[in-house]
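Survey of secondary and tertiary structure
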Amino acid sequence: MVNQNRLFLGSCFALITTAFSFSIRAGILPQLATDFNLSAEQLGFINSMWFLGFPIAMIVGGLVYHTVGPKKIMMIAFVCHALGILLTLYPQVLGGYTGLLVSTFLIGIGNGCTEAACNPMIADAYSGSQMSKMLNRFHMWFPGGIVVGSLLSEVMTKQLGLGWQPQIWLILVPTLIYAYLFWGQEFPKPKTEGVTSIGENLKAMATPLYIFMFACMALTAITEFGPQQWTGLIMSKSGASPMLILALVTGLMAVIRFFAGPIVEKFDQTGVLLGSAVLAAIGIYLFSTQTGSMAYVAAVFFAMGVALFWPNMVGFIAEKVPLSGALGMSIIGGVGMFSTSIFQPIIGRWIDSAKAEQTAAGLTGDEMELAAGQATLSTMVLFPAILIVAFVILFFWQKRKPAQA
């Protein structure tokens, strides 16, 4: 017997592990920069390992999902999470900076295995609007976990004066919980005929609709993760608390995803994605121009924009291109993370370049840091701007042809 509730709960705790690794690492970036004497570009490369391991594991996991099975994929996730956490705590084993690169890569592998196993498992366990609802509720725990992780990081750093090492230990807690919940469980069988054939998967993925969404996913992911991963450095001199901004954004995202069922049912994924791109563009623009309390207003718009990107990109593929199967969902998620991995050092370089430009213009200290951060954010507005055009095209495309097998 398949215990849907226990599997879903285990999936949620696995995603909380991913969220903790994202938010706590974002919170400790300034401490890592100080302790290991790292530049923003080097921090970008460390961040990129998180996003690089993710798509590699997702793509490989999607390829072997129906042969290896989700249970073994989640066992690999647990091993990688545990090793990555321990190596993060003791990076000097591999020389400090190199140790941080390798540990972050391992955690990214664990996170990618989670997505590769849990997305198709949930898609097979539920159907129709219930599937969209549960996928959104599953992905609710990424921002939900970020809220908890970022607040814990804020308290441990500012209130308790603790270093970054105790914060990393927190990531192990949900890791152990999901391992327990998945232990000895049976997973659901595929519900779509032919979906276990890699040939059928690839044939479905060769369609114009899938290729179009593949390109869009690269932009939706960097629109969401670009500003979030750099919140601590970019917004540190804005007069608002970076970790509170991160908590506000992800808290709203969690709430929106929990109640996403009726929204998706009313507007379909195409309408939701178009509206999300518009709100995300407004949010990032406000981040690039506003300071103080207005930064929290920008956070609200940004959260409303990016909240439904990821689950509905995955849900769109599961519903509109079902024969792409676990591989199709994994490739879509993988390209999102791969895109984010590529852009992390690029964003770091943008920040370093903007700092040099502002310094040359005569700005110093906090004024220079703020101007450089906002200049970087103004460049990031380009991502959702392109998506607005793309999703307008998708909206009318799907109105004319609402489903693709």
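Below: a short report on this structure. Predicted model, so just to flag it, every value in this text is computed and none were measured. The residue numbers shown here count from 1 along each chain, following its written sequence. At least 70 in pLDDT is required for a residue's local features to be given in this predicted model, at least 80 for side-chain atom pairs to be given and counted, and no such filter applies to totals for whole chains, interfaces and linings, which use all residues. No hydrogens and no water enter the side-chain calculation; it runs on all heavy atoms of the structure.

1. Quick look at the packing of aromatic side chains
Test applied: The aromatic pairing rule takes the rings of Phe, Tyr and Trp, using the six-membered ring of Trp, and pairs them if the centres are within 6.5 Å, calling planes under 30 degrees apart stacked, those over 60 edge-to-face and the rest tilted. Whether a charge lies above a ring is judged from NZ of Lys or CZ of Arg, which has to be within 6 Å of the ring centre and within 35 degrees of the ring normal.
Counted according to the given criterion, the structure contains 16 aromatic pairs. Counting every residue linked through ring pairs, the aromatic cluster contains Phe22, Trp50, Phe54, Phe142, Phe225 and Trp310. Between Arg6 and the ring centre of Tyr180, over which it is positioned, the NZ or CZ distance is 5.1 Å.

2. Some words on the environment of Met304
The cut-off we apply is this: Secondary structure follows DSSP: runs of H or I at least 4 residues long count as helices, runs of E at least 2 residues long count as strands, and numbering of each begins at the N terminus. We call two residues in contact whenever any of their non-hydrogen atoms come within 4.5 Å of each other.
Within the element layout of this structure, Met304 appears in helix α14 (residues 294-306). With 197 residues separating them in the primary sequence, Met304 and Ile107 have C-alpha atoms 28 Å apart. Once residues lying within four places of it in the same chain are set aside, the contact partners of Met304 are Ile256, Ser276 and Leu279.

3. Notes on helix α9 (residues 198-205)
As a reminder of what qualifies: Categorising residues by exposure relies on relative accessible area from a 1.4 Å probe, with only protein chains included: less than 20% of the type maximum marks a residue as buried, more than 50% marks it as exposed, and the intermediate range marks it as partly exposed. Within this analysis, the arc is defined by the directions that extend from the helix axis to the C-beta atoms.
Along α9, the positions that sit buried rather than exposed are Asn201, Ala204 and Met205. Each buried residue of α9 lies within a common arc of 100° when the element is viewed along its axis, so the set occupies one face.

4. Considerations on unusual backbone geometry
The residue Asn37 is not glycine, and still its phi comes out positive at about 55°. On the secondary structure map, Asn37 appears in the loop between α1 (4-36) and α2 (40-68). You can call Asn37 exposed: its relative accessible area is 67%. Non-glycine residue Asp268 carries a positive phi angle of around 60°. Locating Asp268 in the fold gives a position in helix α13 (residues 260-289). A relative accessible area of 26% means that Asp268 is categorised as partly exposed.

5. Brief notes about the nonpolar core
Our working rule: Definition used in this section: a nonpolar core is a set of buried Ala, Val, Leu, Ile, Met, Phe, Trp, Tyr and Cys residues joined via side-chain atoms within 4.5 Å.
Met213 and Phe391 are the most contacted members of the largest nonpolar core, which totals 118 residues. When residues of this core are assigned to their parent elements, the largest contribution, 14 residues, is made by α1. Setting aside chain neighbours within four positions, we find Phe391 in contact with Cys216, Thr220, Leu273, Leu274, Ala277, Phe309 and Met313.

6. Here we look at the packing of α2 against helix α16 (residues 325-360)
We apply this condition: Interaxial angles span 0 to 180 degrees and are taken between N-to-C directions of axes, which are lines fitted to C-alpha atoms, for helices over the stretch in contact. Angle categories are assigned with fixed cut-offs, so that under 35 degrees is roughly parallel, over 145 is roughly antiparallel, 65 to 115 is roughly perpendicular, and the rest are oblique. Lys, Arg, Asp and Glu make up the charged group, whereas Ala, Val, Leu, Ile, Met, Phe, Trp, Tyr, Cys and Pro make up the nonpolar group; the residues left over, Gly among them, are polar.
Orientation of α2 relative to α16, taken along the N-to-C sense of each, is 170°, at an axis distance of 8 Å. Classified by the interaxial angle, the pair formed by α2 and α16 is roughly antiparallel. The class makeup of the residues in the contact of α2 with α16 is 18 nonpolar, 12 polar and three charged.

Interpretation in functional terms is not warranted from these geometric data alone.
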